[in-house]
Amino acid sequence: MTEPVLTALLIEDDARLAALTRDYLESHGVVVTLASDGRRGLSEALARRHDVVLLDLMLPGKHGLDVCRELRARSDVPIVVLTARGEEADRVMGLELGADDYLAKPFSPRELLARIRAVVRRARGQAGPSLEVVRVGQLTVDPGAQRATYAGRELPLTGYEFALLKALAERAGRVLSREQLMELAGGNAEESFDRSIDVHVSRLRHKLGDDPKRPRLLKTVRGAGYLFTAEDPP
């Protein structure tokens, strides 16, 4: 099956890396627009719709974290953060600010392409075969419409958050490990031992209105993983 043509905005100030990445992606059906600094990148991201934004963090003009924050406040476009290897704090901060995924440099262009396709599938509601509406208490998850509501209020979720909430809701009352959640949400299970899942769960709690210190909906089971309760909290 041929993959559909995708559009990507690559915000990267390393001209050589940007050119090499663009050439590889375009040879695999991704149309790439380049921006060499944070301000131009943010302007381009807001001016035109792209399937995904690939965002370096160490940028001139405007830091990548600031770009991520401002872009997420105004757009639901999938964001993949590109960071130097070992910069865990920046990766976590990027996820907390609304990025959908991250990739450490130096990265494999093939892996980047796979991640692009994964986040775009999630954003388009194509992460899995099931389109059945899931209802758990006051939560409704509609994969076909890529829409989730809680207590009648629509939840402003990114593609990854939606996939994660869907996985939890479909298995309400069961404890899911970080490895299971990464696989069910379309991520890489090898990364489940870092803080990325914890950050996404924290963001989901915030959007659900769940108390992070004493969560009633999305609970932590120490040493085991996470559980979405099958019963309405009192």
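Let me sum up the structure you'll find in this document. As the structure is a computational prediction, the values presented were derived from the model and not from experiment.

Here we look at the pattern of salt bridges
Close approach of charged atoms allows side chains with opposite charge to pair.
Part 1 of the reasoning: Inspection of every chain in the model, using the stated rule, returns 17 salt bridges.
Part 2 of the reasoning: Of the charged contacts, one joins Asp37 and Arg40 as a salt bridge, the two residues approaching to 3.3 Å between their closest N and O atoms.
Part 3 of the reasoning: On the accessibility criterion, Asp37 (14% relative accessible area) is buried.
Part 4 of the reasoning: The salt bridge involving Arg203 is made with Glu161; its shortest N-O contact spans 2.5 Å. Here Arg203, found in helix α8 (residues 196-208), pairs with Glu161, found in helix α6 (residues 159-170); they are 42 residues apart in sequence, far enough to count as distant. The pair formed by Arg203 and Glu161 is uniform in burial state, with each residue classed as buried.
Part 5 of the reasoning: Three or more residues joined by partner-sharing salt bridges are found here, namely Glu12, Asp56 and Lys105.

Looking at the nonpolar core
Part 1 of the reasoning: With 27 residues, the main nonpolar core has Leu139, Leu164, Leu165, Leu168 and Phe228 as its most contacted residues.
Part 2 of the reasoning: Among the secondary structure elements, those contributing two or more residues to this core are β6 (134-136), β7 (139-142), β8 (147-150), α6, α7 (178-184), α8 and β12 (225-228).
Part 3 of the reasoning: When residues no more than four places from it in sequence are discounted, the contact partners of Phe228 are Val136, Leu139, Leu165, Leu168, Ala172, Gly173, Leu208, Leu217 and Leu218.
Part 4 of the reasoning: Of all hydrophobic cores here, the second largest spans 22 residues; its members include Leu55, Cys68, Leu71 and Tyr102.

Considering the sheet that holds strand β4 (residues 79-84)
Part 1 of the reasoning: Spatially, the 5 strands line up as an open sheet ordered β2-β1-β3-β4-β5, and their pairing is parallel. Edge positions in the sheet fall to β2 (30-35) and β5 (101-105), since each has one partner strand and no second. Ignoring which end each strand starts from, the neighbouring axes of this sheet average 20° apart.
Part 2 of the reasoning: In this sheet, β2 lies alongside strand β1 (residues 6-11) in parallel orientation, the contact comprising 6 bridges. From the neighbouring strand, Ile11 faces β2, where its bridge partner is Ala35.
Part 3 of the reasoning: Where helix α2 (residues 38-47) meets the sheet, it contacts β1, β2 and β3 (52-56), and its direction lies at approximately 155° from that of β1.

Rules behind the numbers
- Residues numbered from 1 in each chain as written.
- Predicted model: local features only at pLDDT ≥ 70, side-chain atom pairs only at ≥ 80, totals over all residues.
- Heavy atoms only, no water.
- Salt bridge = Lys/Arg side-chain N within 4 Å of Asp/Glu carboxyl O.
- Buried < 20%, exposed > 50% of the residue type's maximum accessible area, 1.4 Å probe, protein only.
- Helix = DSSP H or I, 4+ residues; strand = E, 2+ residues; numbered from the N terminus.
- Core = buried A, V, L, I, M, F, W, Y, C linked by side-chain atoms within 4.5 Å.
- Contact = heavy atoms within 4.5 Å.
- Pairing = 2+ DSSP bridges.
- Axes fitted to C-alpha atoms, helices over the stretch in contact; angles between N-to-C directions.

Taken by themselves, the reported measurements are silent on function.
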